Structure formats: C-alpha cells, structure tokens
Amino acid sequence: MFAGLLSLTFMAALAKAEAGPNQLTKPEELSGWELLFDGDSTEHWRNYQKDEISSGWKIQDGALVRAEKGAGDIISKEKYQYFELILEYKISEGGNSGVMFHVTEDNPKPWHSGPEIQIQDNAQGHDPQLSGWLYQLYSPKPPSWVQEQDVLDASRPAGEWNQIFLRVAPNQCEVSLNGNLYYRFKLGNKEWKERVAASKFAKFEGFGAAGEGHICLQDHGNLVSFRNIKVRRLNEDGTAGQPITGKLGLKGELAFPNLKWEGWDPIDEGGNIRALRIMELTFDPANPKRLFAVSQTGQIFTFENDPAVTSSKLFLDLSDTVAAWYGRGANEEGLLGLALHPNFADNGQFFVYYNHKDDHRSVISRFRVSEEDPSRADPDSEEVLLEIEQPYQNHNGGSIEFGPDGYLYIGMGDGGLRNDPEITGQDISRLLGKVLRIDVNSISPGKKYGIPADNPFVNMEGARPEIYALGFRNPWRISFDSQSGRMWCGEVGQELWEEVNVIEKGGNYGWSRREGSYPFGNKPQPPAVGKMIEPVWEYDHTVGKSITGGRVYNSDRMPELKGKYIYADYVTGAIWALSYDPDSGKATANEQLIAGGIPVLAFGEDATGEIYYFIDSAKGACIYKFASE
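The numbers attached to residues start from 1 for each chain and follow its sequence in the written order. Given that the model is predicted, a residue must reach a pLDDT of at least 70 before its local features are reported, and side-chain atom pairs must reach 80 or more before they are shown or counted; all residues, however, enter totals for whole chains, interfaces and linings. Side-chain calculation: all heavy atoms of the structure are included, whereas hydrogens and water are not.

**Student:** Is there a simple way to explain the overall build of the protein chain in this structure?
**Tutor:** If you tally the helices and strands in the protein chain, you get four helices and 42 strands. Radius of gyration: C-alpha atoms only; globule rule: 2.2 Å multiplied by the number of residues to the exponent 0.38. Relative to the globule expectation of 25 Å for 629 residues, the C-alpha radius of gyration of the protein chain, 26 Å, shows essentially globular dimensions. Seen through its C-alpha atoms, the protein chain measures out along the principal axes to roughly 85 × 55 × 50 Å. For each residue, the accessible area found with a 1.4 Å probe, counting protein chains only, is set against the maximum for its type, and the residue is called buried under 20%, exposed over 50%, and partly exposed in between. Split into buried and exposed, the 629 residues of the protein chain put 60% on the buried side. Two residues qualify as a contact provided that any one of their heavy atoms is within 4.5 Å of a heavy atom in the partner residue. Put simply, 62% of the contacts in the protein chain that link residues at least 6 apart link residues at least 24 apart. Exposure was quantified through the Shrake-Rupley algorithm and a 1.4 Å probe, taking into account, for residues, occlusion by the shown protein chains and nothing else. Surface accessibility of the protein chain: about 24,400 Å² in total, with carbon and sulfur atoms responsible for 46%. Residues scored as charged are limited to Lys and Arg (positive) and Asp and Glu (negative), so that His and the chain ends carry no count. Charge coordinates come from a single atom per side chain, which is NZ of Lys, CZ of Arg, CG of Asp or CD of Glu. Considering the protein chain, the positive charge centre built from 62 side chains and the negative charge centre built from 89 side chains are found 3 Å apart. Helix numbering and strand numbering both begin at the N terminus, where a helix is a DSSP run of H or I of at least 4 residues and a strand a DSSP run of E of at least 2.

Following this line, the structure appears as structure tokens:
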C-alpha cells in the first residue's frame, strides 16, 4: 500500500517524544489530572489486601513492570468513585493481564468485585475476549452509521505500547483503546445488571456495584509493563475542571443588532425553519468599513461595519450549487470559506471554498466583481481552480486565507467518517488531511494555479506539491495573525482530544498516528514525513468535544485580549483566550472568557483586529463581539 511502513514502536515513541513518559502536560495538570506512577516510585500502589507492594513489581526504564513470579495483583492506595484513567501497557508475547476498577477488599480476589478491562496479546493470546474488552460484559461496537461493522481491534502487537482510556461517571462510562472508542455503558442500569447476571461474575454478590473502590493492575502470571498512569477525579455530575489559568469574565453582545439579510428567508421551501449559519467574516482591504459575511447555505453578504447598520446586500448567491448543510449527515458541508484577493480593489477577484451539491466534492473557485455593479459579484465569472473528491460528507475543513506571502492557504479535512479509514492524513500523494498552499497569480503546467517554488514537498517523488503541512483530521479553522503573520489552526479530534496548532511549513501534525499528542490506532501508516510537531494546547473530551479554531485578537478596544488567540468549543460553548510564547513554542496561559453555553461556529475579523464570533440563529441575529460583564 505504501512504499514503506512506519513501525508502531516508532509511532508510540513519536507520540511522547517531546514530553517523555510519566509526566503531566500543562492542560492535564490544570484540569485535574494526577500521576499514579511517576516512573521512579511505587508510592501510590500496594498489593491487594497488603500494606506494601511486593518485590515482584519492579521499576524498569520508567515503567512499572510485573517482572517476577508471585508479584500479585496491586491496587491504588486511594479509592475512586467517579474518575477517568489513562495508562499505557506493554504485554509480553502470549501474555495476559487486566485493569480493574471499583475493587473492594472484602473478597479473596480483586476480580470478584471489580470489572476488568482485558489486556492481552491478541495475536497469540489464550482468550477470545481481546484487549480493551470489559471481560465477559462489553466488547467493541461500532456506531450504527459506520459502514464497517466488523469487530474493532485497535491494539498494537505484543512488545509495543498501547493506551487504555477509562471513564467511570454517573452519566456515562466508556473505554477506548489507542484512542478508538470501544464501548459505552452505565453502571447499575438494567442492561448492566442483565449482562452481569449472564456472566461468571453473577455468583459474586456486589460485583460491579460498590460505587467506588481501588484501581487494580493484575498479575496474570505474565510479563507486563505499565506507564503514563494518570487519573482524574470527576464531579458528581461527571464534569471536570477547565484547563484555565484565570477568568476574564466577558460576555457576548450582538455586533449588528438591527442587521437584516437581503434575500435570506429562515423558512425553506418545505416550510422548515432554517437557521442562518455564518462561516466567515472579513473586510475589503481598500474599504475597511465594508464587511463580507459568508452563509453556509451559499450566500455572501456585504454590509457596513457600523453597529447601527440595518441592511446588507446579497453579494453572491451560490445556494443552487452548494451542498445543503441541513441535509442528513451534511452539517459540515456547504459554503465554508471566502478570501478576498490582496489586490481585490484593483482586480475584483475573490475565492471561495464550497462542497458541490452533486457529489459533495470540495471546490475552490475564483470569482470576480460585476463590472456593471461593483457592489455585487458576477455569478457567471466562476473559474474552478481545484476540485477534490470527498469520500464521505464530514471533515471538509473549508477555511481559506491569504497569507502574508500572498499565497492562498486551504484547510482540508481527512475525507471523513471515523478513524481516518483511507489514511489520508499521512499520505502525501493525496490532498485530504492537509493544509495546502497555492499561487493564484500564476499557472503551473497542468494546473489552473501556480505551485510556490518553496512549498516543502515540491521535489519529493509521489508527493502533491500543493501540500504545505500534513496530518490533520478536520482543521476547523485556520487563520493568520495579522501582526505576526503566524498561522493558527483548531484541529477537531475524534474521541478524546481537541488541539490548537501553530502551523509551520512542512510540519506533520500527527493524525492519524496520533490524536493531539496521544497515540491513536494501529493502522499501518506511510513513512514518516516532515517534522512531527506537538500541539501548543490541547484539551480532553470531558472539557469539550469539538474545537472551533479562532483568531488572534489585535484590536485596541479590549486590551486584556490583545495578542491572544481566541477559540471555543462548539459542544460545551466555552470560549478561551490562549497566550503564546513564540520563543519557546509553548502556550503560557489559557484564560476563560465565557464558561459555556455559546455554540460558536466560527470566528471573523475586521480591519481593526476586532474579533467576532458566530452562532446559529433562525432570526439572523448571529454575529457577536465580546464585551465586559
């Protein structure tokens, strides 16, 4: 399939190359994670029904190893009720072990009380229940909408590191292996009780019903190693603290409260309410008071940057061409991007990114302003520059921006579905899962645009020369800091992690070798290409589930925000401001602007550096700016 395969051992090493094992990242520390093993001490562990840990457990090369016969099962010294656990394990060939939770000590064996997540060598193991399964209770079950319904096996071979994620909460429990969601369950509900009753654990009174207990690492008589053991206690409602260094206590207010949208109707032809969804807001560089707003349904509007403005003009309507975002499974499709040419005032050129209604393909086109009416675009002037086939409807990326160098940058998702089924993120022969960079002012042979000579993979055999950076799942969205020229990206994760990246030329941002800075999956990958770059910030899915990448605030209106990257989470509605140190390449602070409840679709910027955010609205009142409480 590929010229060569990157070994899974190397993949695991890459995932933790910067931080090293047995350390907390800053976001982990801020949101309440703690280390249960620091690589040097067993202070958090003891043997089951004992006061100390046996000599059969040893610390070797930063791992807690069941190394000798008679080591015995060990448990955490503390008990946990609602919590999340992350750990990595390495099983020996043919070996078996397990991780149990809510273990009590009133039974001869820990597995008499605590449910066990199976750990074994799936290739040469002796149990048909594979690694990651909740022993005799739950096995991986793909969502009903996924085409492939085979039993999921995301485990890496014996001798290589695997990661287990366990969540135990009142609202929902779940287990993932190497970032792949295996199953969800709820302790004590009807289904749980029925499954326990049908298992060998039915004879143990109180099995899985303690409500709290110890975490247990099993001695099954085989060599097994553990590291990166991290735990976080959850609140009674299953929530955790946000990874923040402070709170600015802002609120949102309508930026243009009286604005009406020419030609927009909140009721579609079928009589259904259709919310207005703005995807982009930008300005005319030659007339900074003139704003452009992009609706996902296919319209581009223009209006005056004045809080008292009452009307807009329909600049361009592509709704007959663009895929409808409100169709089934299509909420990430539509008209997604707009970029005015740097010389827009002279040449009237602008560029759009949309999904075509016929086959969902991504289209990047050039349009021109109407010669008869400069307040509107010429709908017949479309020049398609680039079309990219989309195998699925989701993960389209969609934001386009001109960089300080005058080239057009395009954020492309991995093609959709889940688990990067076509391995596009790391395949440099494909444009999906990349940030692209093209020259709209020239033409290269066989193309309708030019290839910048310094694009990082121009001279690499088999590589698409348009690629600027790789390893993206769904970049939502990309933007340039108007002061520093730095390129930012919010990268939407799958099951566990959301991330913020600063994009470098030739950089590899990991998907689907990893999700954020954590290992993901076990699929063979193309050879490693480009510098593997860690996120500058990331947060887990208890904090939020879908990042909305933002922009750097450069207005003088709110000095407390100046120079900070403003971003949000669409699902939880939290909005944050990230401070970044370019010398270290690290985030130095993450401040809460709004605690939650604001489902931000995207951000925009005007000529003064003011940042706006957009939400759904059936009334058309959807563009907001920040204000003090």
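**Student:** Explain the pattern of salt bridges to me, please; I cannot follow it from the model alone.
**Tutor:** It is possible for side chains bearing opposite charge to pair when their charged atoms get close. The rule for a salt bridge is simple: a side-chain nitrogen of Lys or Arg has to be within 4 Å of a carboxyl oxygen of Asp or Glu. Evaluated as defined, the whole model comprises 34 salt bridges. A salt bridge links Glu88 to Arg227; its shortest N-O distance comes to 2.8 Å. In this pair, Glu88 is assigned in strand β6 (residues 83-91) and Arg227 in strand β13 (residues 224-233), connecting sequence segments 139 residues apart. The same class applies to Glu88 as to Arg227, namely buried. Salt-bridge contacts for Arg551 lead to Glu401; the nearest nitrogen and oxygen are separated by 2.3 Å.

**Student:** Can you help me understand the sheet that holds strand β21 (residues 349-355) in this one?
**Tutor:** Each strand in a sheet pairs with its neighbour through backbone hydrogen bonds, running either in the same direction (parallel) or in the opposite one (antiparallel). Strand pairing follows a simple DSSP-based rule, namely that at least 2 bridges must link the two strands. Overall, antiparallel pairing links the four strands, which are arranged β20-β21-β22-β23 in an open sheet. The open sheet has two edge strands with one neighbour each: β20 (335-340) and β23 (377-388). Strand-to-strand, the axes of this sheet are offset by a mean angle of 25°, without reference to chain direction. Bridge count between β20 and β21: five bridges; the pairing is antiparallel. Here an axis means a line fitted to C-alpha atoms, over the contact stretch when the element is a helix, while the angle between two N-to-C directions is reported on a 0 to 180 degree scale.

**Student:** Would you mind going over the pairing of strand β40 (residues 602-605) with me for this structure?
**Tutor:** A regular strand carries its side chains on alternate faces of the sheet. Going residue by residue along β40, you find Ala602 and Gly604 tucked away on one face and Phe603 and Glu605 tucked away on the opposite face as well. Connecting β40 to the antiparallel partner strand β41 (residues 611-614) that follows it, the hairpin turn spans five residues, and Gly609 within it adopts a positive phi of roughly 90°.

**Student:** Quick question: what am I supposed to make of the packing of aromatic side chains here?
**Tutor:** Aromatic ring pairs: the centre-centre distance and the angle between the two ring planes describe each pair. Pairing of aromatic rings covers Phe, Tyr and the six-membered ring of Trp, with a centre-to-centre limit of 6.5 Å; geometry is then stacked below 30 degrees between planes, edge-to-face above 60, and tilted otherwise. What the rule picks out here adds up to 33 aromatic pairs. Ring centres of Tyr539 and Trp576 lie 5.0 Å apart, and the angle between their planes is 50°; this geometry places the pair in the tilted category. With Tyr539 in strand β35 (residues 537-540) and Trp576 in strand β38 (residues 575-581), this residue pair connects regions lying 37 residues apart in the sequence. Among the residues examined, Tyr539 registers a relative accessible area of 3% and is labelled buried. Judged by relative accessible area, which is 1%, Trp576 ranks as buried. A ring pair is formed by Tyr567 and Trp576, whose centres lie 5.1 Å apart and whose planes are at 35°; its orientation type is tilted. As far as burial versus exposure is concerned, Tyr567 and Trp576 are alike and both buried. Site record: aromatic cluster; members linked through ring pairs are Trp488, Tyr539, Tyr565, Tyr567, Trp576 and Tyr580. Any Lys NZ or Arg CZ that is within 6 Å of a ring centre and within 35 degrees of that ring's normal is treated as a charge sitting over the ring. One cation-aromatic arrangement involves Arg277 over Trp325; the distance from NZ or CZ to the ring centre is 4.1 Å. Here the basic side chain of Arg477 rests over the ring of Trp476, its NZ or CZ set 4.9 Å away from the ring centre.

**Student:** Would you mind showing me how to read the nonpolar core here?
**Tutor:** Among soluble globular proteins, nonpolar side chains are generally buried collectively. Counting 47 residues, the largest nonpolar core has Leu408, Ile410, Trp488, Val500, Tyr567 and Leu578 as its most contacted members. The residues contacting Leu408, other than those within four sequence positions of it, are Ala339, Phe351, Ile364, Ile400, Glu401, Phe402, Leu436, Arg437, Ile438 and Val440. We define the nonpolar core as a collection of buried residues of types Ala, Val, Leu, Ile, Met, Phe, Trp, Tyr and Cys that are connected through side-chain atoms lying within 4.5 Å of one another. By size, the runner-up hydrophobic cluster in this structure holds 45 residues, among which are Phe83, Leu85, Ile91 and Ile119.

**Student:** I'm lost on the confidence of the model for the protein chain in this one. Help?
**Tutor:** Should the pLDDT be low somewhere, the predicted coordinates at that spot are not to be read in detail. Each residue carries a pLDDT score, the predictor's own confidence in it, on a scale running from 0 to 100. Overall, the prediction assigns the protein chain a mean pLDDT of 94, with 96% of residues at 70 or greater. Throughout residues 1-18 the model reports pLDDT below 50, and contacts reaching past four residues in sequence, or to other chains, amount to 49 contacts.

**Student:** What exactly am I supposed to notice about the pairing of strand β42 (residues 623-628) here?
**Tutor:** Within β42, five of the six residues are buried, which leaves it mostly tucked inside the rest of the structure. Two strands pair when backbone bridges link them, and strand β15 (residues 250-254) and β42 are joined in this way by five bridges, in the antiparallel orientation. Bridge pairing in β42 places Leu250 opposite Ser628. Of the strand pairs in this sheet, β41 and β42 are connected by three bridges, and their pairing is antiparallel. By the bridge assignment for β42, Tyr612 is matched with Lys625.

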